[in-house]
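An overview of the molecular structure
Here are the chains, one letter per residue:
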Amino acid sequence: MWRFIDSIEVKCKLCGKKSKLISKTLSVCVDCIKNRFDEALPFIERAHESARAHYGLPSKPPKSPNGVKCNICANECSMAEGEIGYCGLRMNVNGKLVSKVSANEALMYGYYDPHVTNCCAAWFCPAGTGAGYPKYATRPGPERGYANYAVFFYGCNFDCLFCQNASHKILSEASKVTVDQFVKHVLGNEDYTCICYFGGSPEPQLPFAINASKRVLEEKPSHRVMRICFEWNGCGNRKLVREAAELALVSGGNIKFDLKCFSEELSYALSGVSNKAAYENFEMIARDFYNERPNLPVLTATTLLVPGYVTADEVEKIAEFIASLNPEIPYSLLVFHPDHYMNDMPITPRKQVEECLNAAKRHLKRIHVGNIHLLGWWS
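Figured I'd write up the structure that's included with this text. (Residues numbered from 1 in each chain as written. Predicted model: local features only at pLDDT ≥ 70, side-chain atom pairs only at ≥ 80, totals over all residues. Heavy atoms only, no water.)

1. Quick notes on a positive patch on the surface
Definition in use: Nonpolar side chains (Val, Leu, Ile, Met, Phe, Trp, Tyr) are joined into patches within 5 Å and like charges within 9 Å, using only residues with over 30% relative accessible area and no salt bridge. Here the open area of atoms and residues is found with the Shrake-Rupley method and a 1.4 Å probe, where only the protein chains shown may cover a residue. Salt bridge, as used here: a side-chain nitrogen of Lys or Arg that lies within 4 Å of a carboxyl oxygen of Asp or Glu. Counting rule applied: Lys, Arg positive; Asp, Glu negative; His and chain ends not counted. Here the site of a charge means NZ on Lys, CZ on Arg, CG on Asp, or CD on Glu. What counts as a helix is a DSSP run of H or I of at least four residues, what counts as a strand is a run of E of at least two, and both are numbered from the N terminus.
Taken together, K11, K13, K18 and R46 make up a surface patch of like positive charges. Its location among the elements puts R46 in helix α2 (residues 37-53).

Listed below in structure tokens is the structure:
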């Protein structure tokens, strides 16, 4: 039952404002997060410490001065003896970096996802629209009867309090898959025309995703369409992000950045870490790859409209940033539904959605609103 429709008012611990659009977990409002960040920080840190302790994960990316370093993602953890990394996949054992995953083994599960079930790019990708692009399509019209191999990676370099796939944190339940098993499965089912990596987020397991994708593209028959796509927060190692973008470009795939907010302070509040690298990587892909295939975008962005937090001012700044690179880059706004540690929040109010949409339209030419059916639950 959708019990969150009757969300209750929460009082901000700093300014005293009461609103249904303040998270009980964070206990501070968006204005205090942005304008009184130093005062809000203890509440923010307490929220993430509580959320992560349940899974045995560190509250912050470890930064031990003489620790073992990991550079797979932008967090760049430095782990002292016995410490584990923020994603939970790597640790310092006897002074050495030990990883549960590698370029040849992943913690993941994959499933058959018929076109087009749950793809954020379906509104412009040929798998969903069937619009032209014969090199990358299998038949005229949407690719009914074909499927995406959806790859759910365990582990994440963010800690989103509203995470819709929080099971990625339960590493003990993950199955280990070798690259040989992965390639055999994908090539053994001719229904697959896409591979989409998500999670969690792919960044902590990008070495495997890149290796597996290269193998699939090298070994597939010439007649097979096989797009390589990534859905991520974008805060990965620059070199690995570039390799992933190249694979998406040559295969007809797409890179979807979840630009969760613009403000770095708000990123710490909602996701536990900085979002700075996401914008740097987005700009790199836009400048180096987008114009090589402008009619079938290799790059897109989405933003989840977290009630009361990711509002029109945030969306406007994100849209301005994207437009400064290319106003044709597709941008999708997603209506929020409550999950994880923000399950006491309401669905995005209709007014907030409309204000965000208008803000995005002032700067970008290709805008989409996803999860719009949820608006029927909240006005």
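2. Quick notes on unusual backbone geometry
Selection criterion: Throughout, exposure labels follow a simple rule: accessible area from a 1.4 Å probe, protein chains only, divided by the maximum for the residue type, with under 20% read as buried, over 50% as exposed, and the rest as partly exposed.
Despite not being glycine, S27 shows a phi value in the positive range, around 65 degrees. Residue classification places S27 among the buried positions, given a relative accessible area of 11%. Although it is not a glycine, E76 adopts a positive phi angle of roughly 45 degrees. In this fold, E76 is placed in the loop between β3 (68-69) and β4 (78-79).

3. A word on the packing of helix α5 (residues 206-219) against helix α6 (residues 238-251)
What counts is decided by this rule: To obtain an axis, a line is fitted to C-alpha atoms, over the contacting stretch when the element is a helix, and the angle between two such axes runs from 0 to 180 degrees between their N-to-C directions. Just so you know how the angles are binned, under 35 degrees is roughly parallel, over 145 roughly antiparallel, 65 to 115 roughly perpendicular, and the rest oblique. We call a crossing left-handed when the near helix sits turned anticlockwise from the far one by less than a right angle, and right-handed when that turn is clockwise. Any pair of residues with heavy atoms lying within 4.5 Å of one another is described as a contacting pair. Lys, Arg, Asp and Glu make up the charged group, whereas Ala, Val, Leu, Ile, Met, Phe, Trp, Tyr, Cys and Pro make up the nonpolar group; the residues left over, Gly among them, are polar.
Two numbers describe how α5 lies on α6: the axes approach to 10 Å, and their chain directions differ by 30 degrees. Between α5 and α6, the crossing angle belongs to the class labelled roughly parallel. As α5 runs across α6, the sense of the crossing is left-handed. Counting all contacts with α5, which are made through L206, P207, I210, S213, K214 and L217, the residues of α6 involved are L240, V241, E243, A244, L247, V250 and S251. The residue inventory of the contact of α5 with α6, partitioned by class, reads 9 nonpolar, 2 polar and 2 charged.

4. Considering the packing of aromatic side chains
Each pair of aromatic rings is reported with the distance of its centres and the angle of its planes. Note the threshold: A pair of aromatic rings is counted whenever rings of Phe, Tyr or Trp (Trp by its six-membered ring) have centres within 6.5 Å, and the orientation is called stacked for planes under 30 degrees apart, edge-to-face for over 60 and tilted otherwise. Each ring is checked for a lysine NZ or an arginine CZ that lies within 6 Å of its centre and within 35 degrees of its normal; such an atom marks a charge sitting over the ring.
This model, assessed by the stated rule, comprises 21 aromatic pairs. Here the aromatic rings of F152 and Y154 are separated by 5.5 Å at their centres, their planes lie at 85 degrees, and the arrangement is edge-to-face. Exposure remark for F152: the relative accessible area of 2% places this residue in the buried category. Positioned above the aromatic ring of Y86 is the side chain of R52, whose terminal nitrogen or guanidinium carbon lies 3.6 Å from the ring centre.

5. Focus on the pairing of strand β7 (residues 105-114)
Along a regular strand, successive side chains alternate from one face of the sheet to the other. Threshold: Whether two strands pair comes down to DSSP finding at least two bridges between them.
Bridging between β7 and strand β9 (residues 175-178) involves 4 bridges; their strand directions are antiparallel. Residue pairing in the sheet places M108 in a bridge with S175 of β9. Bridge count between β7 and strand β8 (residues 147-153): 7 bridges; the pairing is antiparallel. Note that in β8 the partner of M108 across the bridge is F153.

6. Overview of the state of the cysteines
Selection criterion: To count as a disulfide, a pair of cysteine sulfur atoms needs to be within 2.5 Å.
The final tally for this structure, using the stated rule, is 0 disulfides. Not part of a disulfide, C87 finds its nearest cysteine sulfur in C70, a span of 6.5 Å. What makes C87 buried here is its relative accessible area of 13%. Take C261: it sits in no disulfide, and the sulfur closest to it among the cysteines is that of C160, at 8.8 Å.

7. Some points on the pattern of salt bridges
Within the structure shown, the criterion is met by 20 salt bridges. For R215, the salt bridge identified is with E219, shortest N-O distance 2.5 Å. Of the two residues, R215 and E219 are both situated in helix α5; the distance of 4 residues between them amounts to about one turn of the helix. Judged by its relative accessible area of 41%, E219 falls in the partly exposed class. Salt-bridge contacts for E246 lead to R242; the nearest nitrogen and oxygen are separated by 4.0 Å. Pair noted here: E246 and R242 are both in helix α6, with a separation of 4 residues, about one helical turn. Residue classification places E246 among the partly exposed positions, given a relative accessible area of 35%.

8. Structural notes on the sheet that holds strand β11 (residues 227-232)
The mixed open sheet is built from 9 strands, whose spatial order is β9-β7-β8-β10-β11-β12-β13-β14-β15. Each edge of the sheet is formed by a strand with only one pairing partner; in this case those strands are β9 and β15 (367-370). Mean inter-strand twist for the sheet, computed between neighbouring axes without regard to direction, equals 30 degrees. The sheet contact formed by strand β10 (residues 192-199) and β11 spans 4 bridges and is parallel. Following the sheet pairing, C196 is matched in β11 by C229. Contacts between helix α4 (residues 179-187) and the sheet are confined to β7, β8, β9 and β10, with β9 contributing the most and set at about 75 degrees to the helix.

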